Amino acid sequence: MPPGRPGGPPPPPGLPGGPPPPPGVPGGPPPPPGGRGGPPPPGGRGGLARLGSNSTAVRKSSLKPLHWVKVTRAMQGSLWAELQKQADANSNSEFDVNELASLFTIAPKTKGGSKSEGAGKSLGSKPDKIHLIDIRRANNTEIMLTKIKMPLSDMMSSALALDDSVLDADQVENLIKFCPTKEEMELLKNYTGDKDSLGKCEQFFLELMKVPRVESKFRIFAFKIQFQSQIRDVRRNLQTVASACEELRGSEKLKVIMKNILLIGNTLNEGTPRGQAVGFRLDSILKLVETRATSSRTTLMHFLCKSLAGKSPELLDFHEDLVSLEAASKLQLKALAEEQQAVVKGLEKVEQELTASESDGPVSDAFRKTLKEFLDASGADVRALSALYVEVGRSADALSLYFGEDPAKYPFEQVASTLLTFVGLFRKAHEENLKQIEAERKKAQKEAEKEASQDRTPVKSKDGFADRSPRSPFK
């Protein structure tokens, strides 16, 4: 079929009726400004890879960039792998490249007149920075850097020297948060342009990438800053538990009160299966407030306090022997174990990073020196803390056994909580007893005063004079 007829093949490039020859070929249109490789005509072939390379060339002619994270290798079975196959087979652009270019061209700067233009040139205009990192993450990174307020090189020197007089815990945590990801590092490694033209975030990431395992080193720095406070907090809490155990087991007043509760219970339960007990479960002491007198609001707790106030008032302040009980009741041995283990594991990571940094070269010299000194000083602290935890654990178990409980079923936390509740109920009942005694005293006093006033009421005699003598009960 002759060329150019409907249904026949298209004429060769350059002939009448055929497509124009490629740019640079005699007879064809001139290449676009900015060099070779202009955008393909709408609907033309070229595949995904060609579109990518052409878009780069077009962007050099002032198109706005799309800040995405580029995938350089399509995983098998992924959408990108399928699109590549389609592009290799037959791929046509579904958009007008010329329209794209007209819509997303960077607007030229407005000239403010020859005067201002000349002033701008004399001052020297800075070229636009190139941004490879996602714009939002880049902005957040730059905001973080403004809070550190020091050159990047100085900041890195201080971080590698583990100098907490220059960088505090919050700043180091931010450095960890804004360490470059593997994808971001790959993006920067593949950049072949002028690195000085990159944005501040990119410059920061490049500075971090000079140090092997930089995020691990920052985490070691954060651990070092918090180490002493962690050790101090865990040690203080363990000592609080140890003190509470010692106070509860050593309180003679509490022992006498428990004996009185046993006597009261056996008296009430005499002749029943609950009688003749040699002891009772610890949480039974809370049931004293549930057992009420037959004809009043008095409970067994009120009765206990009243009995002790009459015969052994020195026992009423037994809670003053238990100064550590309230603080200890807020602690969980399991949580303290986790904190103690976190310190131990943190020190193990310090040792691992020190070993790994031996092959880093000069960039980690200051880091290794400081880390060795830290390890020498902190190792003894961690060993002492571990020994203290074991000792306190034994004391906590012994406390449960002291009150006749199984440590596995009734651990320290439950013992401390029950006894703290008992202390509160005991003191409340004693205060209510005192208020009741005071109320009864005032009532008796009021009645006595009323009766006395009635006895002194004047009575007229037969001769009309007032008789102020007390009334005779026989009149």
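In the block above lies the structure referred to throughout.
What you are looking at is a predicted structure, and each value in this text was computed from that prediction instead of being measured. (Residues numbered from 1 in each chain as written. Predicted model: local features only at pLDDT ≥ 70, side-chain atom pairs only at ≥ 80, totals over all residues. Heavy atoms only, no water.)

A. Quick look at the overall build of the chain. Counting its secondary structure elements, the chain contains 16 helices and two strands. Expressed as a percentage of the 475 residues in the chain, the buried residues total 30%. Considering only residue pairs separated by 6 or more positions, the chain has 72% of its internal contacts joining residues 24 or more positions apart. Per element, the accessible surface of the chain, about 31800 Å² overall, is 54% carbon and sulfur. (Helix = DSSP H or I, 4+ residues; strand = E, 2+ residues; numbered from the N terminus. Buried < 20%, exposed > 50% of the residue type's maximum accessible area, 1.4 Å probe, protein only. Contact = heavy atoms within 4.5 Å. Areas by Shrake-Rupley, 256 points an atom, 1.4 Å probe, with all protein chains shown as cover.)

B. Summary view of the pattern of salt bridges. Within the structure shown, the criterion is met by 14 salt bridges. Among the ionic pairs, Arg 213 bridges to Asp 360, the shortest N-O distance being 2.9 Å. One end of the pair, Arg 213, is in the loop between helix H9 (200-209) and helix H10 (214-250); the other, Asp 360, is in the loop between helix H14 (333-356) and helix H15 (365-402), with 147 residues separating them in the sequence. Under the relative-accessibility criterion, Arg 213 is labelled partly exposed at 34%. Each of Arg 213, Lys 217, Glu 353 and Asp 360 takes part in salt bridges that share partners, so that together they form one network. (Salt bridge = Lys/Arg side-chain N within 4 Å of Asp/Glu carboxyl O.)

C. Main features of the packing of aromatic side chains. The final tally for this structure, using the stated rule, is eight aromatic pairs. Where Phe 223 meets Phe 374, the ring centres are 6.3 Å apart and the plane angle is 85 degrees; that geometry is what we call edge-to-face. Of this pair, Phe 223 sits in helix H10 while Phe 374 sits in helix H15, placing them 151 residues apart in sequence. For Phe 223, a relative accessible area of 12% corresponds to the buried category. (Phe/Tyr/Trp six-rings, centres within 6.5 Å; stacked < 30°, edge-to-face > 60°.)

D. Seen up close, the side chain of Thr 370. Structurally, the position occupied by Thr 370 is in helix H15. In terms of polar contacts, Thr 370 uses its side chain to reach the backbone carbonyl oxygen of Ala 161, at 3.3 Å. When near neighbours in sequence (up to four residues on either side) are disregarded, Thr 370 contacts Ala 161, Leu 162 and Lys 224. (Polar contact = N/O pair within 3.5 Å; in protein donor to acceptor, adjacent residues only side chain to side chain.)

E. Summary view of helix H7 (residues 169-177). The set of residues buried in H7 consists of Gln 171, Val 172, Leu 175 and Ile 176. The buried side chains of H7 occupy one side of the element, clustering within an arc of 145 degrees when seen end-on. For H7, the exposed residues set more than 90 degrees away from the buried face come down to Asp 170 and Lys 177. Along its buried surface, H7 packs onto helix H5 (135-148), helix H6 (152-160), H9 and H10. Measuring from the side-chain oxygen of the N-cap residue of H7 to the backbone nitrogen of Asp 170 gives 3.2 Å; that N-cap residue is Asp 168. (Arc of directions from axis to C-beta.)

F. Representation of the nonpolar core. Counting residues in hydrophobic clusters, the biggest one holds 88 residues, and the most contacted among them are Phe 204, Phe 218, Ile 257, Leu 304, Phe 412, Phe 422 and Phe 426. Considering each element in turn, this core owes the most residues, 14 residues, to H10. With residues up to four places along the chain from it excluded, the contact list for Phe 422 reads Ile 257, Ile 261, Ile 285, Leu 286, Leu 288, Met 301 and Phe 318. (Core = buried A, V, L, I, M, F, W, Y, C linked by side-chain atoms within 4.5 Å.)

G. A look at the packing of H7 against H10. Contact pair H7 / H10: the axes reach a minimum separation of 9 Å and the direction vectors enclose 160 degrees. As summarised for this structure, H7 and H10 are arranged roughly antiparallel, according to the angle between their axes. Seen from above, H7 lies across H10 with left-handed handedness. Of the residues in H10, those touching H7 at Ala 169, Val 172, Glu 173, Leu 175 and Ile 176 are Glu 215, Phe 218, Arg 219, Phe 221, Ala 222, Ile 225 and Gln 226. (Axes fitted to C-alpha atoms, helices over the stretch in contact; angles between N-to-C directions. Parallel < 35°, antiparallel > 145°, perpendicular 65-115°, else oblique. Left-handed = near helix turned anticlockwise from the far one by under 90°.)

H. Spatial organisation of H14. Compared with the 34 Å implied by 1.5 Å per residue over 24 residues, the 35 Å span of H14 between its first and last C-alpha is a close match. Of all the residues in H14, the buried ones are Leu 333, Leu 336, Ala 337, Gln 340, Val 343, Val 344, Gly 346, Leu 347, Val 350, Glu 353 and Leu 354. (Expected span 1.5 Å × (residues − 1).)

I. Representation of the environment of Asp 164. Counting through the fold element by element, Asp 164 comes out in the loop between H6 and H7. Residue classification places Asp 164 among the partly exposed residues on the basis of a relative accessible area of 42%. As for Asp 164 and Ile 225, which are separated by 61 residues in sequence, their C-alpha atoms are 6.6 Å apart. Apart from residues lying up to four places away in sequence, Asp 164 is in contact with Phe 221, Lys 224 and Ile 225.

J. Just the environment of Ser 158, in detail. For Ser 158, the position within the fold is in helix H6. Along the chain, Ser 158 and Phe 367 lie 209 residues apart, while their C-alpha atoms are 9.5 Å from each other. If sequence neighbours within four positions are ignored, Ser 158 has contacts with Asp 163, Val 166, Leu 167 and Phe 221.

K. Structural view of the side chain of Glu 247. Relative to the helices and strands, Glu 247 is located in helix H10. Within the local environment of Glu 247, its side chain forms a polar contact with the side chain of Ser 324, the two groups lying 2.9 Å apart. Here Glu 247 is in contact with Asp 321, Leu 322, Val 323, Ser 324 and Leu 325, once residues within four sequence places are set aside.

L. Unusual backbone geometry, seen in detail. In the Ramachandran plot, Arg 213 falls in the positive-phi region, its phi being about 50 degrees despite a non-glycine side chain. One non-glycine residue, Gln 276, adopts positive backbone phi at about 55 degrees. The exposure class of Gln 276 is exposed, given its relative accessible area of 77%.

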